[in-house]
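What follows is the residue order along each chain.
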Amino acid sequence: MTRSDPQTRHHRLRPLQIRRARKEDREAIWQIFRAVVARGDTYVFDPNISRRKALAYWLGPKTRCYVALSDQGIVGSYILKANQPGLGSHVANAGFMVSPSARGRGIGRAMAEHCLREARRLSFRAMQFNFVVATNRAALRLWENLGFKIVGKLPGAFRHSRRGFVDVYIMYRRLKAPYNSR
Ligand SMILES: CC(C)(COP(=O)(O)OP(=O)(O)OC[C@H]1O[C@@H](n2cnc3c(N)ncnc32)[C@H](O)[C@@H]1OP(=O)(O)O)[C@@H](O)C(=O)NCCC(=O)NCCS
């Protein structure tokens, strides 16, 4: 079945819960991470990255990691952190991964909405995505629908596993009034 199939389009698999990741979630997170990066079409990570390196990145000390659970178990994970240290730390950065078997059913959108709420709760003033691959239609559509704007284009900055060098977008969205209002 394809995405355009009406049955698929309308089968929204809302996650039952989105919560902070726990130690026992590591294997499920790794399985999703491995499946996503192996395709070499959305993230810069080595498609053959080791479990240790992947988890060290996704569960890093300055990163908040969350998982989305449906009745199928963990179907997605996202991370939220400051995009820069110090004087740039009021801008958040986030990364999202949905299990290939659970795509197109609203998990990504639910995690993104949760992430924006969390970022506001943690007093971030804006959110920046540093590396949105221009061919990643699902991500682009989702971020634009959630109010992110393309603020920059990096020509040929991603070496796509099948399409070769493709552009990358930097996307940005304010969460609060921009200047000097506290
Ligand atoms: C991007 C990603 C997180 C989206 O998660 P998802 O659960 O598949 O997305 P959803 O079902 O919530 O759909 C989100 C939006 O994208 C659109 N979309 C989803 N798949 C799409 C596709 N293949 N083509 C075009 N649009 C698509 C949906 O129409 C939806 O828009 P809507 O909410 O306005 O209807 C997921 O595809 C993923 O993990 N991709 C690999 C990793 C990645 O690209 N991460 C983001 C890096 S910037």
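Just above, that's the structure.
So, how was this worked out
- Residues numbered from 1 in each chain as written.
- Predicted model: local features only at pLDDT ≥ 70, side-chain atom pairs only at ≥ 80, totals over all residues.
- Pairing = 2+ DSSP bridges.
- Helix = DSSP H or I, 4+ residues; strand = E, 2+ residues; numbered from the N terminus.
- Axes fitted to C-alpha atoms, helices over the stretch in contact; angles between N-to-C directions.
- Contact = placed C-beta atoms within 7 Å.
- Parallel < 35°, antiparallel > 145°, perpendicular 65-115°, else oblique.
- Near = placed C-beta within 6 Å.
- Nonpolar A, V, L, I, M, F, W, Y, C, P; charged D, E, K, R; others polar.

Peer 1: Is there a simple way to think about the sheet that holds strand S6 (residues 149-160) in this case?
Peer 2: For sheets, the rule is that strands pair by backbone hydrogen bonds, running either parallel or antiparallel. One open sheet accounts for 7 strands, arranged S1-S2-S3-S4-S5-S7-S6; its pairing is mixed. The sheet is open, and its two borders are formed by strand S1 (17-20) and S6, each paired with just one other strand. Looking at each pair of strands side by side, their axes are set apart by 25 degrees on average, direction ignored. The pairing of S1 with strand S2 (residues 64-70) spans 4 bridges and is classified as antiparallel. Paired with Gln 17 across the bridge in S2 is Leu 69. Here helix H4 (residues 107-121) sits on the sheet and contacts S1, S2, strand S3 (73-82), strand S4 (91-98) and strand S5 (126-133); the angle it forms with S3, its principal contact strand, is near 35 degrees.

Peer 1: What is the right way to look at the packing of helix H2 (residues 26-38) against helix H3 (residues 51-58) in this model?
Peer 2: The axes of two packed helices give the description: the angle between them and the distance between them. Their axes nearest at 10 Å, the elements H2 and H3 cross at an angle of 105 degrees. Classified by the angle between their axes, H2 and H3 sit roughly perpendicular to one another. For the pair formed by H2 and H3, the contact residues are Arg 26, Ile 29, Trp 30, Phe 33 and Arg 34 on the first element and Arg 51, Ala 54, Leu 55 and Trp 58 on the second.

Peer 1: Is there a simple way to think about the site of the ligand in this case?
Peer 2: By nearness alone, 22 residues border the ligand, and Thr 42, Arg 103, Gly 108, Arg 109 and Ala 138 come closest of all. Sort the elements by how many residues they give to the shell around the ligand and helix H5 (residues 137-145) lands first, with 6 residues. The class makeup of the residues in the shell around the ligand is 10 nonpolar, 6 polar and 6 charged.

Remember that the coordinates give geometry; whether it matters functionally is a separate question.
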